[in-house]
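Given next are the chains, with one letter for each unit.
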Amino acid sequence: MNLEALCKEVQLEFYDDELVNENGKKIYRIYVQKQGGVNLDDCAKLSEILSPILDVEPPVNGEYFLEVSSCGLERKLSKLEHFEKSVNELVKITTNDKEKIEAKILNVNDKNINLELLNGEKTTIGFDEIKKARTFVQW
């Protein structure tokens, strides 16, 4: 199953997916985004397309619940593509050395992420140096 192609059918962009256990229930979550934001109808349309396919090709053995959701304004960045899709957004990064960085993503070049720190200084960090990262909104 090609999630990216199925998302495009309903004018959505696939962002990520995960399988989690919450309160003893398996949940298969698919995160999507689109220009202008994702609404409930968008999630419902994708869910209607995915449900019969997942009945035939389930993502996990046993009972599970499917959730289709917007990835949100503040979202986890765990893949290089996530950084590419988040250019010009603010990000909080924790490095493998436990250093904390807050910056704007300028661009992604190969496996290097070019950042502008909040003080205006520019720096580059390798994707492999990042332990965790998440976008954030300054209110």
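No experiment lies behind these values; they were computed from the predicted model shown.

1. Structural notes on the pattern of salt bridges
Here the structure, examined in full by the defined rule, presents eight salt bridges. A salt bridge links Glu 13 to Lys 85, with the nearest nitrogen and oxygen atoms 3.4 Å apart. In this pair, Glu 13 is assigned in strand S1 (residues 13-22) and Lys 85 in the loop between helix H3 (80-84) and strand S4 (90-95), connecting sequence segments 72 residues apart. We note a salt bridge from Arg 75 to Glu 89, for which the minimum N-O separation is 2.7 Å. Of this pair, Arg 75 sits in the loop between strand S3 (65-70) and H3 while Glu 89 sits in the loop between H3 and S4; the two residues are 14 residues apart in sequence, bridging distant segments of the chain.

2. Notes on the environment of Glu 13
Residue Glu 13 is classed as partly exposed on the basis of its relative accessible area, which comes to 37%. Along the primary structure Glu 13 and Leu 66 are separated by 53 residues, whereas in three dimensions their C-alpha atoms are 17 Å apart. Discounting residues that sit within four places of it in the chain, Glu 13 has contacts with Cys 7, Tyr 31, Val 32, Gln 33 and Lys 85.

3. Section: the layout of surface pockets
Rolling a probe over the atoms, with the probe sized like a water molecule, indicates the empty space that remains. Computed from the structure, the largest pocket encloses a volume of approximately 170 Å³. Considering the residues around the largest pocket, the lining is formed by Val 32, Gln 33, Lys 34, Gly 37, Val 38, Ser 70, Cys 71, Gly 72, Leu 73, Arg 75 and Glu 89. Grouping the constituent residues of the lining of the largest pocket by class yields four nonpolar, four polar and three charged.

4. What to know about a positive patch on the surface
On the surface, a cluster of positive charge is made up of Lys 76, Lys 98, Lys 100, Lys 131, Lys 132 and Arg 134. By residue number, the principal contributor to the positive patch is strand S8 (residues 130-136), which donates three residues. Within the secondary structure layout, Lys 100 lies in strand S5 (residues 100-109).

5. As for the packing of aromatic side chains
For the structure shown, the criterion picks out one aromatic pair. Each ring, one from Phe 83 and one from Phe 127, has its centre 5.9 Å from the other, and the planes form 80°; the classification is edge-to-face. Of the two residues, Phe 83 is situated in helix H3 and Phe 127 in the loop between strand S7 (122-126) and S8; the sequence distance between them amounts to 44 residues. Looking at Lys 92, its charged tip hangs above the ring of Phe 136, at a distance of 5.0 Å from the centre.

6. A look at the state of the cysteines
Taken as a whole and judged by the stated rule, the model has zero disulfides. Cys 71 forms no disulfide, and the closest cysteine sulfur to it belongs to Cys 43, at a distance of 10 Å. Relative accessible area serves as the criterion here: at 11%, Cys 71 is assigned to the buried category.

7. Brief notes about the UniProt feature "domain: Ribosome maturation factor RimP C-terminal" (unreviewed entry) in the protein chain
Taken from the UniProt record, the annotation "domain: Ribosome maturation factor RimP C-terminal" (unreviewed entry) applies to residues 77-139. In this annotation, residues 77-139 is assigned 8% helix and 54% strand; the end-to-end C-alpha distance for the span is 20 Å.

8. Looking at the UniProt feature "domain: Ribosome maturation factor RimP N-terminal" (unreviewed entry) in the protein chain
As annotated in UniProt, the feature "domain: Ribosome maturation factor RimP N-terminal" (unreviewed entry) corresponds to residues 3-74 in the numbering used here. Split by type, residues 3-74 is 33% helix and 35% strand. Its first and last C-alpha atoms lie 22 Å apart.

Definitions and cut-offs
- Residues numbered from 1 in each chain as written.
- Predicted model: local features only at pLDDT ≥ 70, side-chain atom pairs only at ≥ 80, totals over all residues.
- Heavy atoms only, no water.
- Salt bridge = Lys/Arg side-chain N within 4 Å of Asp/Glu carboxyl O.
- Helix = DSSP H or I, 4+ residues; strand = E, 2+ residues; numbered from the N terminus.
- Buried < 20%, exposed > 50% of the residue type's maximum accessible area, 1.4 Å probe, protein only.
- Contact = heavy atoms within 4.5 Å.
- 1 Å grid on protein atoms, 1.4 Å probe; cavity = no way out; pocket = protein on both sides within 12 Å on 5 of 7 lines; lining within 4 Å.
- Points joined across faces, edges and corners; volume = space filled by probe spheres on them.
- Nonpolar A, V, L, I, M, F, W, Y, C, P; charged D, E, K, R; others polar.
- Patch = residues over 30% accessible without salt bridge, like charges linked within 9 Å, V, L, I, M, F, W, Y side chains within 5 Å.
- Areas by Shrake-Rupley, 256 points an atom, 1.4 Å probe, with all protein chains shown as cover.
- Lys, Arg positive; Asp, Glu negative; His and termini not counted.
- Charge placed at Lys NZ, Arg CZ, Asp CG, Glu CD.
- Phe/Tyr/Trp six-rings, centres within 6.5 Å; stacked < 30°, edge-to-face > 60°.
- Lys NZ or Arg CZ within 6 Å of the ring centre and 35° of its normal.
- Disulfide = S-S within 2.5 Å.
- UniProt positions renumbered as here; feature names shortened; annotations may be inferred.

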